[in-house]
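Listed below, chain by chain, are the residues.
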Amino acid sequence: MRLSRYFLPLLKENPKEAEIVSHRLMLRAGMIRQQAAGIYSMLPLGKKVLDKVCNIIREEQNRAGAIEVLMPTVQPADLWIESGRYNDYGKEMLRIRDRQDRAMLYGPTNEEMITDIFRSYVKSYKDLPLNLYHIQWKFRDEVRPRFGVMRGREFLMKDAYSFDLDFDGAKAAYNRMFVAYLRTFERCGLKSIPMRADTGPIGGDLSHEFIVLAETGESEVFCHRDYLEMDVPGADVDFNDDAEMASIVGKWTTPYAATDEMHDEAEWAKTPEAERLSARGIEVGHIFHFGTKYSEPMGAAVTGPDGKQHNVSMGSYGIGPTRLIGAIIEASHDDNGIIWPESVAPFGAAIVNMKPGDAGCDGVSEQVYAALTNAGVDPLLDDTDDRAGAKFAAMDLIGLPWQVVVGPRGVGNGVVEVKNRRTGERQEMTPEAAVNMIGRGNLTA
RNA sequence: CAGGGUGUAGCUCAGCAGGUAGAGUACCGCACUCGGAAUGCGGAAGUCGCGAGUUCGAGUCUCGCCACCCUGACCA
């Protein structure tokens, strides 16, 4: 992409409504535009990051055996009346009447609808386990939206729903999602820590929040330092191996970890003082087993091997991709702007042509641009005639992992300057070497 | 939802002894060809959130409404 033909509305000054870093930087980097309290448009740069995040989520859900569907944003109230939540949900639910005066709603979540889909088709235990997910916009009319996309009213959410014959099956399904989440957040460049979450009236221990550590986090968290060094399962992990899944989950749930709501001073005291880490965190995912809470009232049952009807045992697994973007920025930025992990960077590299119109600079810029494009890096070429300072500041702000600076000085000597956004390190090399280095993606950004 | 605050140019803000609106920046044009957001000159740009009221006259005072932000209780 050529910057001169792109749509990247950068803001030089901080919009006053934005308090926290991620909100400020997303506005300044031209990623989002607020349309109403808690409701945002995704501008091109934001959309690119969102797509990358969603693809990582999608790949890991698929790897773990979940199957993608897409349910609508607008739902009929009937299903919710059936589950009993139509009245319970309160003002957070955006209720709508259509032209026939039918009661509709903008979905805040999809348990009812997915249960309806399931019960309509699945009748046998042989079709289990089943895990269906979608990535769709949700609306919750929050009393107080804030922090930009971190706490919007309309937000994108990946929610998966598992269906199993019994608790053991549901637990295995839960474990698969648990491991998928570890991998997902790792791939987004985040250090996530699963923490026991409140299971409410359901009880049990099958509910975890995945928390990303960030100084600006919304909640206070307490955990063992060991989490910082734990290995995340590789891509070769076998999701069909229930024992292996259980063992990974076991490893990741043994050391102490809790948010302030679940914090237990007595348990915490058992962790040696030096091993304790108390910090702030951002919840980026939540997995939850809820058994027959919906399958029972809605009649989602299958015939078991015993020939009897069994209400399926369910769980739901959420990740907020829009919120995740905010969390990534909170966890990865400096005074000059965003520092994208390579996996979610909107463009793989910036090429800064210091002197558009100069035959030498134009030639080298185009050459590097073509080569990086061929290498699959998806570069952004700054071919505008802004002043140098403005160009550098803009590129630092949008935080692409690499900047290839093509200036008349270097071009005369047959070199370009490559800057690593994260480390700030700059080195001169030939254009070919630069393309090689970035194209191979062998430098950890 | 309770408490507090703010709405003036795209953005950040000034103007408040009531007299009909200003700066920086961004934008457009010309010159400048420039290595860290501050090159010069010129230009365009505002129903002063909306509606009433007081007044000869309201961005400025009064009342009502709306929007947005912050603090708290609640959530991916």
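For every chain, the first residue of the written sequence is number 1, and numbering continues from 1 along that sequence. Numbering of ligands from 1 and lettering of chains from A proceed in the order in which they are written. Local features in a predicted model are, by the rule used here, given only for residues with pLDDT of at least 70; side-chain atom pairs are given and counted only at 80 or more, and totals for whole chains, interfaces and linings are based on all residues. Excluded from the side-chain calculations are hydrogens and water; all other atoms, namely the structure's heavy atoms, are used.

Draft legend 1. Examining the sheet that holds strand E19 (residues 349-353) more closely. Being paired, for any two strands, means DSSP has found at least two bridges between them. A helix here means a DSSP run of H or I that spans at least four residues, while a strand means a run of E at least two residues long, and both kinds are numbered starting from the N terminus. Overall, mixed pairing links the 5 strands, which are arranged E20-E19-E21-E22-E23 in an open sheet. Single-partner strands in this sheet number two, and they are strand E20 (379-382) and strand E23 (426-429). Taken over all neighbouring pairs, the strand axes of this sheet differ in orientation by 20° on average, direction set aside. Bridging between E19 and strand E21 (residues 402-406) involves 4 bridges; their strand directions are parallel. To get an axis, a line is fitted to the C-alpha atoms, and for a helix only the part in contact is used. The angle between two axes follows their N-to-C directions and goes from 0 to 180 degrees.

Draft legend 2. The sheet that holds strand E4 (residues 74-76), seen in detail. Read from one edge to the other, the open sheet built from 3 strands follows the order E4-E6-E5, with strand pairing classed as antiparallel. Two strands bound the open sheet, and with one partner strand each, they are E4 and strand E5 (94-97). Neighbour-to-neighbour, the strand axes of this sheet turn through a mean angle of 35°, independent of strand direction. Sheet topology note: the E4/strand E6 (residues 103-106) ladder contains 3 bridges and is antiparallel. Within E6, the position partnered with Val74 by the bridge is Tyr106.

Draft legend 3. Here's a closer look at the protein's contact with RNA strand B. Lys12, Arg144, Gly152, Glu283 and Asp396 are the nearest of the 42 residues found near RNA strand B. Put simply, 47% of the atoms of RNA strand B that lie within 4 Å of the protein are in sugar or phosphate. Between N or O atoms, a polar contact is any pair within 3.5 Å; within protein, one atom must be a potential hydrogen donor and the other a potential acceptor, and residues adjacent in sequence are included only when both atoms are from side chains. One of the side-chain nitrogen or oxygen atoms of Arg140 is found 3.3 Å away from a sugar or linking oxygen of RNA strand B. A distance of 2.2 Å is found between a base nitrogen of RNA strand B and a side-chain nitrogen or oxygen belonging to Asp396. At the level of secondary structure, the elements contributing two or more residues to the surface near RNA strand B comprise strand E1 (32-36), strand E8 (154-164), strand E13 (276-291), helix H12 (388-398) and strand E22 (416-420). No other element matches the 7 residues that H12 contributes to the surface near RNA strand B. Ten residues, namely Ala, Val, Leu, Ile, Met, Phe, Trp, Tyr, Cys and Pro, are considered nonpolar, four, namely Asp, Glu, Lys and Arg, are considered charged, and the remaining ones, Gly among them, are considered polar. Per-class residue counts for the surface near RNA strand B are 15 nonpolar, 6 polar and 21 charged. In these notes, residues near a molecule or strand are those with any non-hydrogen atom within 4 Å of it.

Coordinates in, geometry out; function isn't part of it.
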